[in-house]
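# A structural walkthrough
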Amino acid sequence: MKPKVIHNILLCSFCLALYCLCNADKFLSSRYEWKKLIMVHHWPPTVCKEAENDCSNPPGYWTIHGLWADKAEDCNRSWHFNLEEIKDLLPEMKMYWPDIIHQPPNCSQFWKHEWRKHGTCVAQLDALNSEKKYFGKILDLYKQLNLDSMLQKLGIKPSLNYYQVADIKDALASVYGVMPKVQCLPPEKDEDIQSIAQIELCFTKDLQLRNCTQPGLLASLQQKARGADVADSSMGLEVCEDGPAFYPPPREIMR
């Protein structure tokens, strides 16, 4: 290879490396950019079914899954979860944010996962910039939204009969003033009906309620969600199809 060619290659490589170095902060910041917070509630009977886990005595009320940024995950792996920082929150955590699938002594693994994957991203907000603030604010939002009670007041209760997904969304929108996102567990081979699994209510960075989807984008989001949820693909859930859905009662009611 001619010296001039080698010189040009080295010069190009140097310029490329210099460009990447100068713009590294932009690349990193764009990776962790997000626009909204997603407050995720899940329905324990459906979670147990999806996990194919007996889930000893799952709660018969909606519990917390987490608070997620819409487009960021694992933002600071060096910021480790410390259970001691939230020890005074544990009574409410165990009640409203239980690890439905894992039994003691591993119940804190769920909270550790949520902090590592989602908490370290939303911590860029002053209101959520510590482990204590993150978990404490989510408990506050859970009690403020009071989803379980609202559903019951709207006459939407676990039942062996089916509900129309559009009716559930419209009913919740009439209460909260914003459109939620409802996720379902798709029917198994021997089933015909999807099962309600999660309800998401979205917030701005100022912690004000907002629509989870923009008009006209729902079909696009539904298509994407068939592969994986934007924020968390750990469960085999999809945005509910328009039509009937099963809101399964707790097992003790079904017996």
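In the block above lies the structure referred to throughout.
An account of the accompanying structure is given in this report. Because the structure is predicted, anything quoted here is derived from the model rather than measured.

## So, the packing of aromatic side chains
Scanning the model with the defined rule gives 12 aromatic pairs in all. Taking the centre distance of 5.0 Å and the plane angle of 40 degrees together, the rings of Tyr96 and Tyr142 count as tilted. Of the two residues, Tyr96 is situated in helix α4 (residues 90–96) and Tyr142 in helix α6 (residues 131–145); the sequence distance between them amounts to 46 residues. Over the ring of Trp34 we find Lys205; its NZ or CZ atom is 4.6 Å from the centre of that ring.

## Observations concerning the pairing of strand β4 (residues 181–185)
Among the five residues in β4, five count as buried, and that is most of the element. Covered by surrounding structure in β4 are Lys181, Gln183 and Leu185 together with Val182 and Cys184, the residues of both alternating faces. Pairing of β4 with strand β7 (residues 238–239), which is carried by two bridges, proceeds in the antiparallel orientation. Within β7, the position partnered with Gln183 by the bridge is Val239.

## Concerning a negative patch on the surface
A surface patch of like charges, here negative, comprises Glu52, Glu188, Asp190 and Asp192. Looking at the secondary structure, you find Glu52 in the loop between α3 (44–51) and β2 (63–69). What makes Glu52 exposed here is its relative accessible area of 71%.

## Brief notes about the state of the cysteines
Counting across every chain of the model gives three disulfides. Linked covalently through their sulfurs, Cys184 and Cys240 form a disulfide whose S-S length is 2.0 Å. Where Cys184 bonds to Cys240 through sulfur, the torsion about that S-S bond is close to 95 degrees, and the disulfide is right-handed. Here Cys184, found in strand β4, pairs with Cys240, found in the loop between β7 and β8 (244–246); they are 56 residues apart in sequence, far enough to count as distant. On the accessibility criterion, Cys240 (1% relative accessible area) is buried.

## Comments concerning the nonpolar core
Counting residues in hydrophobic clusters, the biggest one holds 50 residues, and the most contacted among them are Leu37, Met39, Trp97 and Phe135. The dominant element in this core, judged by the number of residues it contributes, is α6, at seven residues. Ignoring anything within four residues of it in the chain, the contact list for Leu37 reads Leu67, Trp68, Val122, Leu125, Leu128, Leu201, Cys202, Phe203, Thr204 and Leu207. Grouped together as the second largest cluster of nonpolar side chains are five residues, Ile38, Trp68, Cys202 and Cys212 included.

Cut-offs used in this document
Residues numbered from 1 in each chain as written. Predicted model: local features only at pLDDT ≥ 70, side-chain atom pairs only at ≥ 80, totals over all residues. Heavy atoms only, no water. Phe/Tyr/Trp six-rings, centres within 6.5 Å; stacked < 30°, edge-to-face > 60°. Helix = DSSP H or I, 4+ residues; strand = E, 2+ residues; numbered from the N terminus. Lys NZ or Arg CZ within 6 Å of the ring centre and 35° of its normal. Buried < 20%, exposed > 50% of the residue type's maximum accessible area, 1.4 Å probe, protein only. Pairing = 2+ DSSP bridges. Patch = residues over 30% accessible without salt bridge, like charges linked within 9 Å, V, L, I, M, F, W, Y side chains within 5 Å. Areas by Shrake-Rupley, 256 points an atom, 1.4 Å probe, with all protein chains shown as cover. Salt bridge = Lys/Arg side-chain N within 4 Å of Asp/Glu carboxyl O. Lys, Arg positive; Asp, Glu negative; His and termini not counted. Charge placed at Lys NZ, Arg CZ, Asp CG, Glu CD. Disulfide = S-S within 2.5 Å. Core = buried A, V, L, I, M, F, W, Y, C linked by side-chain atoms within 4.5 Å. Contact = heavy atoms within 4.5 Å.

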